[in-house]
Amino acid sequence: MHWLGRGRWWAGLLGAVLWVGCNGGEAPETRPAIEDPSPPPKEQPGDDTPPPPDDEDPPPEEEEPPPDDEDPPPEEEEPDSGTPDSGTGEDPPPPPPDAGTPDGGSGHPGGDNVPPNSKDWRFLGAAQGAPREVLGITMDEGGNLWVAGGEDGLCLLRPDASTFRCYTLADGLKPWAPWKGKDPLPEKRYLKVTAVTGGPEGTVWVGYQGQLNCESEFYKAPGELEDPAIFKSGDADRVELKDDGTLRVVHYDIHSPAHSVPGYGHREKLCSVNRIVWDKQRNSLWFASNHGLAWGEPDYEGAETCSDPEILAANQWVYIEKDAAGNEVGRETRQRCKFGVMEHVHPAIAMNDSTSEDSRLAGDVWGVAVRPDGDVWMGTHIRTSRFKIMTNAFGHVGTGAPWNFEVARKQTEEKKHRANRIDLWPDAVAEPQIPTREQRKDDVVSDLVLMPDGTVWISSFAWGLAKLSDAGVVTGYYLDGTSDRFVSSLERDSRDGSLWIGHRWGRGLMRMHTEGDFVSHNSVLGNLAGRPVWDIQVVGSGDSRKVLVAFSAYRDATGTIVHPGAIGIYTGR
């Protein structure tokens, strides 16, 4: 779906995924038409539709940012010195238009807001060997800095190193899986690292982008040949750094083999991973992917089944064989947790032109947060839902193991549970009514953050911020203005509970200390303020915490990188 991925991303986001028989059959998948790919016009009052797809990064109503000689802002700026020097020897270029504090509020004078200060920032870019594209950023528990570097691979900066080392296919990364015991066409391999999350010292989990149409390749019409080099592409790896600097790699083939899911044969739908969340307390991984949310075993070693006996016990099911008259003639115990994963769940809605109850609309999962009780908030293209993996009434109470995946899935997807499918930016009609395309206002969720009081902040690629109560009720909207609403990443600051907000188109990086009051950091970011911010992660706590920011590349209309990305590390208060 996104092999051009975080480049020509609107085509995938606006064409919400349509699947037929997702939970009870194997009919081929189709997609609705995508709107005119011309550049978006200036927004008119009352226009509440997302911009149509475009080829790449330029923010609407803005010019291409000036050249910056491929380097991030220097680290030696004086406090509050304004836009950093571009390194050209000329006067520093101005930030992108409207790059200051948005209309949502300038902050309380003398209040809790912390003004931006260049001394609090460190930037790493081409001079340190960083990848051209920065799509994700994390740190493991040993202090190793890891970057999802797109086609440049997985890049590492050790605590005692001054330059990055980037790992690719030649180093063992595996954005593919075998098919029927064979290696599918090595010449068709495609590497694009899109997500990374830190674990124990020297360990990270890495997500990949699958090849074009990987989601639909397995479901071709009878008589058409499927290409395993496409439908087995993407997914994720568990990567361990060895003492000699090489990698040990174990691949997660995110799929359901034959008869592992009730009512299903073999299933291959999830291939591109957008974000990964590690729930250390419950020894769980969550893969936010192109077609839904999947669970993963963090210490998976490559076996056919999962290793945790409690996981296996909670997710086995009984297949009952019946004869033509409906009489039971046999039964067999089967297992859902296979190859270290269980997939998938998505808060889908019915299609307006469907004749089947199994025809649904949903889309990519980008927002994931684990609640204290172990349930998982997930935000998607169409709806947001609480996946009740730990609080449903079936499973192993008190074991710390995820409960039955299938029972929890039904509490998100079945018609009677429509209250658990939250329409953040409401369509013109609500379930059980079925919206037409014109009546839909797709949420296009980009990220979400759980706060200590149980509230959830959710961002949209198109509509700004929404605040959700612990009970799943929307209580407020912010950053919904013409320029501010294209939000691509969120993170809670463990130091003070403030919210970091990254934008897709030209608004750079903001911080919200108190609700509704925003401080822009663009004055100290220089040209990086015009870069897409795909990922923000916070590591540590108190005065030692670090805010890691992924400033991605700027591409021209052909998809060519013309200004590389960079890494920002914030250590201020």
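This is a predicted model, so every value here is computed, not measured.

Describing the overall build of the protein
A tally of regular secondary structure across the protein gives five helices and 34 strands. Going through the 573 residues of the protein one by one, you find that 58% of them count as buried. The contacts in the protein between residues at least 6 apart in sequence include a share of 59% that link residues at least 24 apart. Working note: accessible area of the protein is about 22,200 Å², and carbon and sulfur atoms make up 49% of it.

As for the sheet that holds strand S4 (residues 145-148)
Spatially, the four strands line up as an open sheet ordered S3-S4-S5-S6, and their pairing is antiparallel. The sheet is open, and its two edges are formed by strand S3 (136-139) and strand S6 (165-167), each paired on a single side. Within this sheet the neighbouring strands show an average axis-to-axis angle of 20 degrees, counted without direction. Across four bridges, the pairing between S4 and strand S5 (residues 154-157) is antiparallel. Bridged to Val147 within S5 is Cys155.

Observations concerning unusual backbone geometry
Cis geometry is adopted by the peptide bond preceding His344, which originates at Glu343 and carries an omega value of -5 degrees. Within the secondary structure, His344 sits in strand S16 (residues 341-345). The omega torsion across Glu431 and Pro432 is 10 degrees, close enough to zero to call that bond cis. Along the chain, Pro432 falls in the loop between helix H5 (405-413) and strand S22 (445-450). A positive phi angle, near 70 degrees, is found at His259, a position not held by glycine. The topology assignment puts His259 in the loop between strand S10 (247-252) and strand S11 (273-279). The class of His259 is partly exposed, set by a relative accessible area of 43%.

Overview of the sheet that holds strand S21 (residues 384-387)
Strand order in this open sheet of three strands is S19-S20-S21, and the pairing throughout is antiparallel. Strand pairing shows two members of the sheet lacking a second neighbour, strand S19 (365-370) and S21, which therefore form its edges. On average, each strand axis in the sheet is tilted by 20 degrees relative to the strand beside it, whichever way the strands run. Note: strand S20 (residues 376-380) against S21, four bridges, orientation antiparallel. Within the sheet, the bridge partner assigned to Val376 lies in S21 and is Phe387.

Describing the state of the cysteines
Overall, the coordinates contain three disulfides when judged by the stated rule. Sulfur-sulfur distance for the disulfide between Cys214 and Cys271 comes to 2.1 Å. On the S-S bond that ties Cys214 to Cys271, the torsion sits near 65 degrees, and the link is right-handed. Of this pair, Cys214 sits in helix H2 (residues 214-217) while Cys271 sits in the loop between S10 and S11, and the two are 57 residues apart along the sequence. A relative accessible area of 2% means that Cys214 is categorised as buried. For the protein, the bonded cysteines pair up as 1-2, 3-4, 5-6 when numbered in the order they occur along the sequence.

Section: the nonpolar core
One finds Trp146, Leu154, Leu173 and Val206 to be the most contacted residues of the largest nonpolar core, which totals 34 residues. Once you skip the residues sitting within four places of it in the chain, Trp146 turns out to touch Gly136, Ile137, Thr138, Asp140, Leu154, Cys155, Leu156, Val196, Gly202, Val204, Leu241 and Leu247. Counting 20 residues, the second-largest nonpolar core is a separate cluster that includes Ala288, Leu293, Cys306 and Phe405.

A few points about the pattern of salt bridges
The tally for this structure, following the rule as stated, stands at 37 salt bridges. The residue Arg275 makes a salt bridge to Asp447 at a minimum N-O spacing of 3.7 Å. One end of the pair, Arg275, is in strand S11; the other, Asp447, is in strand S22, and 172 residues separate them in sequence. Here Arg275 falls in the buried class, since its relative accessible area comes to 10%. On the basis of relative accessibility, which here comes to 6%, the residue Asp447 falls in the buried class. Of the charged contacts in the structure, one is a salt bridge between Lys416 and Glu414, with a shortest N-O distance of 4.0 Å. Taking the relative accessible area as the measure of exposure, Lys416 reaches 66% and is therefore exposed.

Regarding the packing of aromatic side chains
For the coordinates displayed, the defined rule picks out 20 aromatic pairs. Each member of the aromatic cluster is reached from another via a ring pair, and the members are Trp121, Phe123, Trp500 and Tyr570. Above the plane of the ring of Tyr264 lies Arg267, whose end atom (NZ or CZ) is 4.6 Å from the centre. Between Lys269 and the ring centre of Tyr219, over which it is positioned, the NZ or CZ distance is 4.5 Å.

Some details on the environment of Leu525
By the secondary structure assignment, Leu525 is in the loop between strand S29 (518-520) and strand S30 (533-539). Through-space distance from the C-alpha of Leu525 to that of Leu509 is 8.6 Å; in sequence the pair is 16 residues apart.

What to know about the layout of surface pockets
To find leftover empty space, a probe the size of one water molecule is rolled over the atoms. The volume enclosed by the largest pocket comes to roughly 1,200 Å³. Taken together, 45 residues line the largest pocket, and the ones lying closest to its centre are Val277, Trp278, Glu491, Gln537 and Val538. When residues in the lining of the largest pocket are grouped by element, the largest group, six residues, is from S11. The residue makeup of the lining of the largest pocket, split by class, is 21 nonpolar, 13 polar and eleven charged.

Quick notes on the confidence of the model for the protein
Summing up the model confidence of the protein, the mean pLDDT is 82 and the portion of residues at 70 or higher is 78%. Scored below 50 in pLDDT, residues 1-5 shows 26 contacts in the model against residues more than four places distant or in partner chains. Throughout residues 23-71 the model reports pLDDT below 50, and contacts reaching past four residues in sequence, or to other chains, amount to 126 contacts.

With respect to H5
Looking only at H5, the buried set comprises Phe405, Glu406, Ala408, Arg409, Thr412 and Glu413. Looking down the long axis of H5, one finds its buried residues gathered within 160 degrees of arc, a one-sided arrangement. By the N-cap criterion, in which a side-chain oxygen at the helix start approaches the backbone nitrogen of a residue two or three places on, H5 is capped by Asn404, the distance to Glu406 being 3.0 Å.

Quick notes on the rules
Per chain, residues are indexed from 1 in the order of the written sequence. The predicted origin of the model limits local features to residues at a pLDDT of at least 70 and limits the giving and counting of side-chain atom pairs to 80 or more, whereas totals for whole chains, interfaces and linings rest on all residues. In computing side-chain values, all of the structure's heavy atoms are included and hydrogens and water are not. Only DSSP runs of H or I covering at least 4 residues are called helices, and only runs of E covering at least 2 are called strands; the numbering of each starts at the N terminus. Accessibility here uses a 1.4 Å probe with only protein chains present; expressed as a share of the type maximum, an area under 20% marks a residue as buried, one over 50% as exposed, and anything in between as partly exposed. Should any heavy atoms of two residues lie within 4.5 Å, those residues are considered in contact. Computed with a 1.4 Å probe, the accessible areas rest on the Shrake-Rupley method; for each residue, only the protein chains presented here act as cover. At least two bridges found by DSSP between two strands are what make those strands a pair. Where helices are involved, their axes are fitted lines through C-alpha atoms of the stretch in contact, as for all axes, and angles between N-to-C directions lie from 0 to 180°. Disulfides are defined as cysteine sulfur pairs within 2.5 Å. The set of buried Ala, Val, Leu, Ile, Met, Phe, Trp, Tyr and Cys residues whose side-chain atoms join them within 4.5 Å is what this entry labels a nonpolar core. What makes a salt bridge here is a side-chain nitrogen of Lys or Arg within 4 Å of a carboxyl oxygen of Asp or Glu, nothing more. Planes of paired rings set the category: under 30 degrees apart is stacked, over 60 is edge-to-face and the rest tilted, where pairs are Phe, Tyr or Trp rings (Trp by its six-membered ring) whose centres lie within 6.5 Å. Counting as a charge over the ring demands two things of the Lys NZ or Arg CZ atom: a distance within 6 Å of the ring centre and an angle within 35 degrees of the ring normal. Buried and open spaces are told apart on a 1 Å grid over the protein atoms alone, a cavity being a set of points where a 1.4 Å probe fits but cannot get out and a pocket being an open set with protein on both sides within 12 Å along at least five of seven lines. Residues with an atom within 4 Å of a point are the lining residues. Grid points are joined across faces, edges and corners, and a volume is the space filled by probe spheres set on the points. Amino acids are sorted into nonpolar (Ala, Val, Leu, Ile, Met, Phe, Trp, Tyr, Cys and Pro), charged (Asp, Glu, Lys and Arg) and polar (every other residue, Gly among them). Summary of the metric used: pLDDT quantifies the predictor's per-residue confidence within the range 0 to 100. The arc in question is the one traced by the directions running from the helix axis out to the C-beta atoms. Whenever a nitrogen or oxygen atom comes within 3.5 Å of another N or O atom, the pair is scored as a polar contact, on the condition that within protein one atom can donate a hydrogen and the other can accept it, and that pairs from neighbouring residues in sequence are kept only if both atoms are in side chains.

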